[in-house]
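Close look at the chain arrangement
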Amino acid sequence: MHVLSVVGARPNFMKVAPLLHRLAARGHASSLVHTGQHYDANMSDAFFRDLGMPEPDHHLGVGSGSHAQQTAKVMAAFEPIVQERSPDVVVVVGDVNSTLACTLVCSKLLIPVAHVEAGLRSRDREMPEEINRLVTDCLADLLLTPSPDADENLRAEGVAEERIVHVGNIMIDSLVAQLPRARSSDVVTRLGQRPGEYGVVTLHRPSNVDDPEVLGGVLDALRDIAREVPLVFPCHPRTRERLAEVPGGADGLLLTDPLGYVDFMALVADSKIVLTDSGGLQEETTWHRIPCVTIRENTERPITITEGSNVLAGTDPDQIRTLAAQALKTPRDEHPTPALWDGKTADRIIDALEAWSEGPRPR
Ligand code: UD1
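Criteria and cut-off values
- Residues numbered from 1 in each chain as written.
- Predicted model: local features only at pLDDT ≥ 70, side-chain atom pairs only at ≥ 80, totals over all residues.
- Heavy atoms only, no water.
- Helix = DSSP H or I, 4+ residues; strand = E, 2+ residues; numbered from the N terminus.
- Expected span 1.5 Å × (residues − 1).
- Buried < 20%, exposed > 50% of the residue type's maximum accessible area, 1.4 Å probe, protein only.
- Arc of directions from axis to C-beta.
- Contact = heavy atoms within 4.5 Å.
- Near = heavy atom within 4 Å.
- Polar contact = N/O pair within 3.5 Å; in protein donor to acceptor, adjacent residues only side chain to side chain.
- Areas by Shrake-Rupley, 256 points an atom, 1.4 Å probe, with all protein chains shown as cover.
- Phe/Tyr/Trp six-rings, centres within 6.5 Å; stacked < 30°, edge-to-face > 60°.
- Axes fitted to C-alpha atoms, helices over the stretch in contact; angles between N-to-C directions.
- Parallel < 35°, antiparallel > 145°, perpendicular 65-115°, else oblique.
- Nonpolar A, V, L, I, M, F, W, Y, C, P; charged D, E, K, R; others polar.
- Pairing = 2+ DSSP bridges.

Along an α-helix, a turn takes 3.6 residues, which lines up residues three or four apart on a common side. Over its 13 residues, helix α15 (residues 317–329) runs 19 Å from end to end, which matches the ideal 18 Å to within 8%, given 1.5 Å per residue. Buried within α15 we find Ile320, Leu323, Ala324 and Ala327. Buried positions in α15, seen along its axis, are confined to an arc of 105° and lie on one side of it. In this fold, the buried residues of α15 make contact with α10 (212–225), β11 (273–276), β12 (292–294) and β13 (310–312).

Written as structure tokens, this is what we have:
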């Protein structure tokens, strides 16, 4: 079986790395396309290095742009490559513009697509990722889901049962594989912190950072929380550009450039609390059982609330302060890890691809 995998943006790398490793170990032909949606060394190269990923076979170099520009550039550049490579299946992951663009190209070329992390829904169509999820799941042939809620979402949308396989959370494969290296990272001391006595902040959603009023309110709350517990803030380039527009900015927070995968995992693993608008981090904190205050009105990952350590604060500064104070006071939750978040998802994905490529293929 020849599997062509696509990566584009930072949250894709840790989802594809374990799959590439297991495909190679199981003797399948594999190729990798990097769309170049993320291109800074600390948003891309550092992750390839940390995760032991091979150089991409093709780098499309699309870079930043409006949604239409970025999606169109990926489509135009990807089409001749996928035609030339003619894989048995293309694997796309997550919900970024590259995921949608490559799925759309393949479905018109009748090249089978498998979507890893299928079925998640925030039910918020103002979120660009929600549009990407809906269209990708509508078009992809095989829908590989991380959690039972995702299966339910797909069934409710009328997706045929044979297209849905619950494989578990692939991101946890990377976490489990890299945890020993994270344990020997010195990032916590390098940043002048003590294990268990600091918090981690990440912010990058356009709805939170592009509007100075919203960003101002969120940072107001974070500056207050930082008086109680030091907050380390590895800052996304989108957010970095906006900080100067907000009075007080990130004063009192320890601002750093984006960190590589291993250092970031090490920083999170030893933290007391995480405040974030990231999707993946809600899951990683649930696995670590670290309290997570999500600075969003909704989540496409409800299992992190029902079976994890996540709470939704929205962007109201008082609510962020209140939930952070509660999380800092509450003893660490000892919930069990959600089913199939066990570091073995890549093998279940390959099992599903093998079974599907041998059987009848419903479209
Ligand atoms: C993208 C994904 C989002 C994901 C996030 C993780 C979409 C619609 N969004 O959002 O789902 O959570 O990645 O980071 O696909 N920039 C750089 N260097 C880079 C990349 C970006 O400076 O390597 C800056 C540019 O100013 C760019 C901006 O960040 O315009 C936004 O980048 P973009 O790829 O459009 O979206 P993200 O906000 O990163």
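This part is about the site of the ligand. Of all residues adjacent to the ligand, which total 19 residues, the nearest are Gln37, His38, Glu129, His204 and Arg238. Here an oxygen atom of the ligand and a side-chain polar atom of His236 are 2.9 Å apart. Notes on the ligand: free accessible area 740 Å², of which the protein chains cover 88%. Of all the elements in the fold, those that place two or more residues in the shell around the ligand are α3 (67–85) and α11 (237–243).

Taken as a whole and judged by the stated rule, the model has 3 aromatic pairs. On the basis of an interplanar angle of 45° and a centroid distance of 6.1 Å, the ring pair of Phe13 and Phe47 is categorised as tilted. Of the two residues, Phe13 sits in helix α1 (residues 10–25) while Phe47 sits in helix α2 (residues 45–50), which places them 34 residues apart along the sequence. For the pair Phe13 and Phe47, one class covers both residues: buried.

Here we take up the packing of helix α7 (residues 170–183) against helix α12 (residues 261–269). Packing of α7 against α12 leaves a shortest axis separation of 9 Å and a crossing angle of 85°. For the element pair α7 / α12, the angle class is roughly perpendicular. Two secondary-structure elements touch here, α7 through Met171, Ser174, Leu175, Gln178, Arg181, Ala182 and Arg183 and α12 through Tyr261, Val262, Met265, Ala266 and Ala269. The residue makeup of the contact of α7 with α12, split by class, is 8 nonpolar, 2 polar and 2 charged.

Spatial ordering of the open sheet is given by β3-β2-β1-β4-β5-β6-β7, a layout of 7 strands whose pairing is parallel. Single-partner strands in this sheet number two, and they are β3 (58–59) and β7 (164–166). Bridge count for strand β1 (residues 2–7) against strand β2 (residues 29–34) is 6 bridges, and the pairing is parallel. Paired with Val3 across the strands is Ser30, a residue of β2.

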